[in-house]
Amino acid sequence: MIIVSGSDSQDLAYRVSKLTNSELLRTEFKKFPDGELYIRIHGDVKDKDVFLIQTQNNQNDSIVETILMCDALRDEGAKSINLVAPYLAYARQDKKFNDGEPISIRALAKLYSNLCDRVITINPHEVHIEAFFDIPFIYGNAVDKLAEYVKDKLNNPVVLSPDKGAIELAKTASEVLDCEYDYLEKTRISPTEIKIAPKNLDVKDKDVLIVDDIISTGGTMATAIGMLKEQGAIKVIASCVHPVLIGDALNKLYVGGADEVVGTDSFLSEVSKVSVDNIVADMIMNYNKA
Ligand code: R5P
């Protein structure tokens, strides 16, 4: 078993190679002056099971790099190519929202199905995307790691998801924290005013953990945090698996009242405080046992 690192996951690839006791190969990455990518994988992959660890932090470049690396690995005779992309770019366009749009993750799933033998990810936005792949699509869950990270920072906690769709994430975290969970409901009070509050629970005098799969612009999360504080929450920690945090999102969350923002290194950011290394290593080891 061999570990190959993409440019976005060099540290994660090293840690996973240690945890799985596997060889990590040297890979060169360069960008030509016109923006095109150059990669070269050094070492022997012939007849080996290769795990390409390449999260997709830099969306378009990460995807092109993945394509080039898979092509090189196939050409060099890898027995199997297993793409480990903890953050899978374009996964949020998992259906047509308007006529004329592509189902972006379906288009990419077709591509990966031709290039690799297996795709491994963490908390995909919607698990139904599995159906778009013609190869095994395996996913892990990092929410319990997020909950373990914040466990000693919260007193008398409740866990909330930002919407009903993400309630399972809140449930998972609540099991680690041994507390109640709920989801946030948005109610329109007037054309210009909304209220965001837990559907069933009261947050007065509670510490709150909000869990989501992605924080992107942070807009809804920042509004929710401010309102939870108004409703009497003492401390609010905003957490997510993939801290995409576009532009000023992090600042928006802190100014909105977040006491801490926590994410994983599935998507590298200033708040990637929890590693998915053990989850990835376990998934790889399980594959190897099968
Ligand atoms: C939505 O369904 C996702 O789970 C996230 O809640 C969403 O992507 C977060 O986006 P933003 O940070 O831009 O509000």
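Small disclaimer: the values here were computed from a predicted structure and weren't measured.

**Examining the state of the cysteines**
Per the stated rule, a full pass over the model turns up 0 disulfides. Between Cys70, a free cysteine, and Cys116, which holds the nearest cysteine sulfur, the sulfur-to-sulfur gap is 4.0 Å. With no disulfide partner, Cys179 has as its closest neighbouring cysteine sulfur the one in Cys240, 18 Å distant.

**With respect to helix 6 (residues 219–230)**
Between the first and last C-alpha of helix 6 there are 17 Å, a value that for 12 residues agrees with the 16 Å anticipated at 1.5 Å per step. For helix 6, the full list of buried residues reads Met221, Ala222, Ala224, Ile225, Gly226, Met227 and Leu228. In the core, the buried residues of helix 6 are packed alongside strand 9 (157–161), strand 10 (180–190), strand 11 (193–198), strand 12 (207–215), strand 13 (235–243) and helix 7 (249–255).

**Re the sheet that holds strand 10**
Remark on secondary structure: sheet strands pair via backbone hydrogen bonds, oriented parallel or antiparallel. The sheet built from 7 strands is open, its strands ordered 11-10-9-12-13-14-15 with mixed pairing. Every other strand in the sheet has two partners, leaving strand 11 and strand 15 (272–274) as the edge strands with one partner each. On average, each strand axis in the sheet is inclined to that of its neighbour by 35°, with strand direction left out of account. Note: strand 10 against strand 11, 6 bridges, orientation antiparallel. Along strand 11, the bridge assignment pairs Ser190 with Glu193.

What counts, and at which threshold
- Residues numbered from 1 in each chain as written.
- Predicted model: local features only at pLDDT ≥ 70, side-chain atom pairs only at ≥ 80, totals over all residues.
- Heavy atoms only, no water.
- Disulfide = S-S within 2.5 Å.
- Helix = DSSP H or I, 4+ residues; strand = E, 2+ residues; numbered from the N terminus.
- Expected span 1.5 Å × (residues − 1).
- Buried < 20%, exposed > 50% of the residue type's maximum accessible area, 1.4 Å probe, protein only.
- Contact = heavy atoms within 4.5 Å.
- Pairing = 2+ DSSP bridges.
- Axes fitted to C-alpha atoms, helices over the stretch in contact; angles between N-to-C directions.

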